[in-house]
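# Structure at a glance
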Amino acid sequence: MSTNHLMGVYNRAPLEVERGRGARLWSTDGTEYLDCVAGISTNGLGHAHPELVQAVKDQAEKLWHVSNIFRIPGQEALADALCESSFADVVFFTNSGTEAVECALKTARKYHSANGAPERIDIYGFDGSFHGRTYGAINAAANPSYTEGFGPAMQGFHQLKWGDHDAIKAAIANPTTAAIIVEPVQGEGGCRAMPEQCLRGLRELCDEHGVLIIFDEVQCGMGRTGKLWAHEWAGMSPDIMAVAKALGGGFPIGACLATARAASGMTVGVHGSTFGGNPLAMAVGLKALSLINTPETLNNVNEIAGYLKQQLAGLQSRFPDVIVDVRGKGLLIGVKLVPNNREFMALARDTQQLLIAGGGDNCVRLLPPLNLTLDEARELIVRFEAACEVAREKWAA
Ligand SMILES: *Cc1c(COP(=O)(O)O)cnc(C)c1O
């Protein structure tokens, strides 16, 4: 076996994974790792959670897939549960985050076109965003390393600078603006959390000008920040929201949530998916949501996040030559480094058996499962600290 026949789009770590349990991951050579990547914020309940495993097994013996031309009870149940626990009235199920974003972008434009304003096509994203890899998603995020070489920029996509209030106001006041798309807490882009008053300000301005707000909570949603949805911290809500990653606990699933008003253009035949919302995915999604949307899980996120934040602040003051900044929200933690983040990740993996994710702005991301225990959190800090020691010796100026 080799990676020779895989399209070479990933710079893979030299670690062959075999199995996982909770926050532990084992490679084929038997090495045990503490996994604070969690499938990039996807295995919210850790690996092989017994109730998720059971949900897959039970459903696998009943029915995997039918077309959306039939009623799928699990889909109706998960849509009910998502709407009960959010601002939304309706849901469209997808297989991934980028498809959920795609549906969100289409829903926004279609809303305006169905409501007598077809000229409203402009969608504004923010620098440092990540929305996935489909054409709509790469154009919305406009990260040059993801768009270059893929043809002309799609019409109607524009970028705003995080914190450039004048440009944001002008964009929203523009009569051809359809929507703003933003991650309340950026994931890949370096874990920047948009201040709560800015989110509320966006809501007011968008309401004033008839512009829709799309939140991409693919990474920061599903309990990651200590509330089910990250925007709940700001006491406001979007019109449309893309969700995925932890919604399936590791099983591929995504969802586009919307208010009835925002979804008013999404009528019979205008959108669809073969696999989206299939019975197997729905069974896992229902179970994952029911386990994550509990005071127990959400309180645990807040408790563990508080502990980690405090400990990491301590490490930052002890290792100013390694750690520049600690940011993010809840268990979406970004640590901005002095040494190269990719090299630090490899060092943490190889010397401390600690798995962490990369991120923009030379950050590493700590994205442990939401049910991480305090003992595991302590272990995470011990390993991270040891990695800082090794980094200090290795890269001492
Ligand atoms: C991962 C991610 C996506 C894309 O999800 P895929 O399932 O990889 O398509 C979109 N938005 C954000 C914020 C993400 O973190």
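Residues numbered from 1 in each chain as written. Predicted model: local features only at pLDDT ≥ 70, side-chain atom pairs only at ≥ 80, totals over all residues. Heavy atoms only, no water.

Note the threshold: UniProt positions are given in the numbering used here, feature names are shortened, and annotations may be inferred rather than shown by experiment.
An unreviewed UniProt entry lists the protein chain under the name Acetylornithine aminotransferase, with Brevundimonas mediterranea given as the organism. According to the UniProt record, the Subunit (unreviewed entry) comment for the protein chain is "Homodimer."

## A closer look at the sheet that holds strand E3 (residues 32-35)
The condition that has to hold: Two strands qualify as a pair provided DSSP detects at least 2 bridges between them. Each helix is a run of H or I in the DSSP string that is no shorter than four residues. Each strand is a run of E no shorter than two, and both are numbered from the N terminus.
With mixed pairing, 4 strands are arranged side by side in an open sheet as E1-E2-E3-E13. Single-partner strands in this sheet number two, and they are strand E1 (17-21) and strand E13 (354-355). Of the strand pairs in this sheet, E3 and E13 are connected by 2 bridges, and their pairing is parallel. Paired with Asp35 across the bridge in E13 is Leu355.

## Digging into the UniProt feature "binding site: pyridoxal 5'-phosphate" (unreviewed entry) in the protein chain
Quick note on the threshold: For this analysis, residues touch if any pair of their heavy atoms sits within 4.5 Å. Only protein chains enter the accessibility calculation, which uses a 1.4 Å probe. A residue is then buried if its area is under 20% of the maximum for its type, exposed if over 50%, and partly exposed in between. Definition of a polar contact: a pair of N or O atoms within 3.5 Å, with one able to donate and the other able to accept a hydrogen when the atoms are protein atoms, and with sequence-neighbouring residues admitted only if both atoms are side-chain atoms.
Listed under "binding site: pyridoxal 5'-phosphate" (unreviewed entry) in the UniProt record, and renumbered for this structure, are Gly97, Thr98, Phe130, Asp216, Glu217, Val218, Gln219 and Thr274. Spatially, the listed residues are scattered: they cover 178 residues, and their C-alpha atoms lie as much as 25.0 Å apart. Mapped onto the fold, Gly97 is located in helix H4 (residues 97-114). In this structure, Gly97 is in contact with Val218 and Ala244, ignoring residues within four places of it in sequence. With respect to the helices and strands, the residue Glu217 is situated in the loop between strand E8 (212-216) and strand E9 (240-243). Note on Glu217: relative accessible area 0%, which makes it buried. With sequence-adjacent residues up to four places away left out, Glu217 is seen in contact with Pro184, Trp229, Ala230, His231, Met241, Ala242 and Val243. Of the polar contacts made by the side chain of Glu217, one reaches the side chain of His231; its length is 2.8 Å.

## What about the layout of surface pockets?
For the record, the criterion: A 1.4 Å probe that fits but cannot get out identifies a cavity on a 1 Å grid over protein atoms alone, an open set with protein on both sides within 12 Å along at least five of seven lines counts as a pocket, and a residue lines either if it has an atom within 4 Å of a point. Grid points are joined across faces, edges and corners, and a volume is the space filled by probe spheres set on the points.
The volume enclosed by the second largest pocket comes to roughly 550 Å³. Taken together, 26 residues line the second largest pocket, and the ones lying closest to its centre are Val91, Phe92, Phe93, Met266 and His271. Those elements that provide at least two residues to the lining of the second largest pocket are helix H3 (73-84), strand E4 (90-94), H4 and strand E10 (254-258). Of the residues forming the lining of the second largest pocket, the biggest block, 4 residues, is contributed by E4.

## Looking at empty space enclosed by the protein
Put simply, the rule reads: The nonpolar class holds Ala, Val, Leu, Ile, Met, Phe, Trp, Tyr, Cys and Pro. Asp, Glu, Lys and Arg form the charged class, and all remaining residues, Gly among them, are polar.
Per the stated rule, a full pass over the model turns up 1 cavity of 30 Å³ or more. Around the largest cavity, the lining residues are Pro184, Val185, Ala193, Met194, Glu196, Leu199, Ala230, Trp233, Ala234 and Lys329. Residues belonging to the lining of the largest cavity are distributed by class as follows: 8 nonpolar, no polar and 2 charged.

## A few points about helix H9 (residues 279-292)
To keep it simple, the criterion reads: To estimate the expected span of a helix, count its residues, drop one, and scale the result by 1.5 Å.
Its 14 residues place the ends of H9 20 Å apart at the C-alpha level, agreeing with the 20 Å of an ideal helix rising 1.5 Å per residue. Of all 14 residues making up H9, 11 are buried, and the element is well covered by its neighbours. Burial in H9 covers these residues: Pro279, Leu280, Ala281, Met282, Ala283, Val284, Gly285, Ala288, Leu289, Leu291 and Ile292. Looking at the buried side of H9, the elements it contacts are helix H2 (50-62), H3, E4 and helix H10 (295-318). Two to three positions downstream of the cap, the backbone nitrogen of Leu280 sits 3.0 Å from a side-chain oxygen, assigning the N-cap of H9 to Asn278.

## Focus on the site of the ligand
For clarity, the threshold we go by: Nearness is judged by heavy atoms alone; a residue qualifies as near a molecule or strand once a single heavy atom is within 4 Å of it. Accessible areas in this description were obtained via Shrake-Rupley with a 1.4 Å probe; residue shielding takes into account the shown protein chains only.
Around the ligand, the structure places Ser96, Gly97, Thr98, Phe130, His131, Gly132, Glu183, Glu188, Asp216, Val218, Gln219 and Lys245. Note that an oxygen atom of the ligand is positioned 2.8 Å from one of the backbone N or O atoms of Gly97. Lys245 has a polar side-chain atom sitting 2.6 Å from an oxygen atom of the ligand. Against a free-state accessible area of 380 Å², the protein chains account for coverage of 82% of the ligand. Its residues placed into classes, the shell around the ligand shows 2 nonpolar, 6 polar and 4 charged.

## Regarding the UniProt feature "binding site: N(2)-acetyl-L-ornithine" (unreviewed entry) in the protein chain
UniProt marks Arg133 and Ser273 with the feature "binding site: N(2)-acetyl-L-ornithine" (unreviewed entry), using the numbering shown here. If you take the residues mentioned a moment ago, the ones lining the second largest pocket come down to Ser273. For Arg133, the location among the structural elements is in the loop between strand E5 (122-126) and helix H5 (135-141). What makes Arg133 exposed here is its relative accessible area of 53%.

## Section: the sheet that holds E9
Heads up, the condition is: Inter-axis angles, ranging from 0 to 180 degrees, are taken between N-to-C directions of lines fitted to C-alpha atoms, where helices are fitted over the stretch in contact.
Within the open sheet, the 7 strands sit side by side as E4-E10-E9-E8-E7-E5-E6. Their pairing is mixed. The strands lining the two open edges of the sheet, one partner per strand, are E4 and strand E6 (157-160). Shown here is a sheet whose adjacent strand axes are inclined to one another by a mean of 20 degrees, direction ignored. Bridging between E9 and E10 involves 4 bridges; their strand directions are antiparallel. Among the inter-strand pairings, Val243 is bridged to a residue of E10, identified as Ala255. Sitting on the sheet, H3 touches E4 and E10, and the angle it makes with E4 is about 125 degrees.

## What about the pattern of salt bridges?
What counts, and what does not: Here a salt bridge means any side-chain nitrogen of Lys or Arg lying within 4 Å of a carboxyl oxygen belonging to Asp or Glu.
For the structure shown, the criterion picks out 19 salt bridges. For Glu32, the salt bridge goes to Arg24, with nearest N and O atoms at 3.3 Å. A relative accessible area of 35% means that Glu32 is categorised as partly exposed. Its salt-bridge partner being Arg349, residue Asp350 comes within 3.0 Å of it at the nearest N-O pair.

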